[in-house]
Amino acid sequence: MVRTLWGEQKKRELLYLEALKKDSMGPFRKVLSQGHLSAVLFQRELHSIYDYFKCFLTDKELGVADMNMRPASLLKDLNDTEEVAGLFKKIEAGILQLYKTLRAHVDRESEARQVLDEHLLRISEFYDTFSKMEMVNRKKTTYVAAA
């Protein structure tokens, strides 16, 4: 389960990098940069948790994770911040679910649980930010259409 979460964070990292390459992101870049940095940091911390729990006889190294998702293809047709925020909101929601599931299997008093709780809090903040960005842009679009 930690391995799956690490892979999702890797995909998240690549997706943030791809979004940063888009010209139309403007003020959204700060959030994208913070998301990218958090994904990289969370991967490192998850790697430590994985090394603690893994069985060295059967578990693979994290660096050889399969990367089935191509971030460029997900963002290819998305040009405005509303669409990109909606995509990231959806991705963050999925990752939150993975964290909550994993968290249920970790001892409450462990250091791993504290790390997972910190990740959950930060990703929840990203989710909230993307929700707000999506709504703000929808309101702007509605007002323009009404005028």
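Below or above, wherever it landed, is the structure these notes cover. Since this is a predicted model, take the numbers as computed values, not measurements. (Residues numbered from 1 in each chain as written. Predicted model: local features only at pLDDT ≥ 70, side-chain atom pairs only at ≥ 80, totals over all residues. Heavy atoms only, no water.)

Overview of the overall build of the protein chain
Formally: Per the convention used, a helix needs a DSSP run of H or I reaching at least four residues, while a strand needs a run of E reaching at least two, with both numbered from the N terminus. Accessibility here uses a 1.4 Å probe with only protein chains present; expressed as a share of the type maximum, an area under 20% marks a residue as buried, one over 50% as exposed, and anything in between as partly exposed. When checking whether two residues touch, look at their non-hydrogen atoms; a contact exists if any pair is within 4.5 Å.
Scanning the protein chain from terminus to terminus reveals five helices and zero strands. Listing the helices and strands of the protein chain from first to last along the sequence gives α-α-α-α-α. Burial status across the protein chain gives 40% buried among its 147 residues. Sequence separation of 24 or more characterises 75% of the internal contacts of the protein chain that already satisfy a separation of 6 or more.

Here's the deal with the pattern of salt bridges
Defined as follows: By definition, a salt bridge exists where a carboxyl oxygen of Asp or Glu is found within 4 Å of a side-chain nitrogen of Lys or Arg.
Applying the stated criterion across every chain yields a total of eight salt bridges. Note that Lys-21 and Glu-18 form a salt bridge whose closest N and O atoms lie 3.6 Å from each other. Using a relative accessible area of 59% as the deciding quantity, one classes Lys-21 as exposed. The partly exposed category is assigned to Glu-18, whose relative accessible area is 22%. Between Asp-117 and Arg-113 there is a salt bridge, with the nearest N and O atoms lying 3.9 Å from each other. With Asp-117 and Arg-113 both in helix 5 (residues 111-146), this residue pair falls four residues apart, about one helical turn.

Here we look at the packing of helix 1 (residues 2-20) against helix 2 (residues 29-53)
Heads up, the rule is: The convention used is that axes are lines fitted to C-alpha atoms, helices contributing only their stretch in contact, and that angles between N-to-C directions extend from 0 to 180 degrees. Here the angle decides the label: under 35 degrees means roughly parallel, over 145 means roughly antiparallel, 65 to 115 means roughly perpendicular, and every other value means oblique. Note: crossing handedness is left-handed where the near helix turns anticlockwise from the far helix by less than a right angle, and right-handed where it turns clockwise. Note on residue classes: Ala, Val, Leu, Ile, Met, Phe, Trp, Tyr, Cys and Pro are nonpolar, Asp, Glu, Lys and Arg are charged, and everything else, Gly too, is polar.
One way to put it is that helix 1 packs onto helix 2 with a least axis distance of 8 Å and a crossing angle of 155°. Between helix 1 and helix 2, the interaxial angle falls into the category roughly antiparallel. You can see that helix 1 and helix 2 cross each other, and the crossing is left-handed. Residues that form the contact of helix 1 with helix 2 fall into these classes: 15 nonpolar, seven polar and five charged.

Here we look at the nonpolar core
Spelled out, the test is: Put simply, a nonpolar core is a bunch of buried Ala, Val, Leu, Ile, Met, Phe, Trp, Tyr and Cys residues held in one set by side-chain atoms that sit within 4.5 Å of each other.
Core analysis: the biggest nonpolar cluster contains 35 residues, and Phe-28, Leu-46, Phe-88, Tyr-99 and Phe-130 have the highest contact counts within it. Elements with a minimum of two residues in this core: helix 1, helix 2, helix 4 (81-103) and helix 5. Here this core gets nine residues from one element, more than from any other, and that element is helix 4. Ignoring sequence-local partners within four residues, the contact set of Phe-130 consists of Tyr-16, Phe-28, Val-31, Ala-85, Phe-88, Lys-89 and Glu-92.

A word on the packing of helix 1 against helix 4
Contact geometry for helix 1 and helix 4: axes closest at 10 Å, N-to-C directions at 160°. Regarding the angle of helix 1 to helix 4, the classification is roughly antiparallel. Between helix 1 and helix 4 lies a crossing of left-handed hand. Here helix 1 contributes Val-2, Thr-4, Leu-5, Glu-8, Gln-9, Arg-12, Leu-15, Tyr-16 and Ala-19 to the contact with helix 4, which in turn contributes Leu-87, Phe-88, Ile-91, Glu-92, Ile-95, Leu-98, Tyr-99 and Leu-102. Taken together, the residues that form the contact of helix 1 with helix 4 break down as 12 nonpolar, two polar and three charged.

Quick notes on the packing of aromatic side chains
The test is simple: Two rings belonging to Phe, Tyr or Trp (six-membered ring only in the last case) form a pair when the distance between their centres is within 6.5 Å. Interplanar angles under 30 degrees mark stacking, angles over 60 mark edge-to-face geometry, and anything in between is tilted. Throughout this description, the term charge over a ring refers to an Arg CZ or Lys NZ atom that lies within 6 Å of the ring centre and within 35 degrees of the ring normal.
By the definition in use, this model includes six aromatic pairs. Pairing Tyr-16 with Phe-88 gives two aromatic rings, centres 4.4 Å apart and planes at 25°, and the pair type is stacked. Of this pair, Tyr-16 sits in helix 1 while Phe-88 is found in helix 4, placing the two residues 72 residues apart along the sequence. On the accessibility criterion, Tyr-16 (0% relative accessible area) is buried. For the ring pair Phe-28 and Phe-130, a centre distance of 5.8 Å and an interplane angle of 80° mean the geometry is edge-to-face. Pair noted here: Phe-28 is in the loop between helix 1 and helix 2 and Phe-130 is in helix 5, with a separation of 102 residues, a long-range link. For the pair formed by Phe-28 and Phe-130, the shared burial category is buried. Clustering of aromatic rings is evident, with ring pairs tying together Tyr-16, Phe-28, Phe-88, Phe-126 and Phe-130. When the ring centre of Phe-126 is taken as origin, the NZ or CZ atom of Arg-12, which lies over that ring, is 5.3 Å away.

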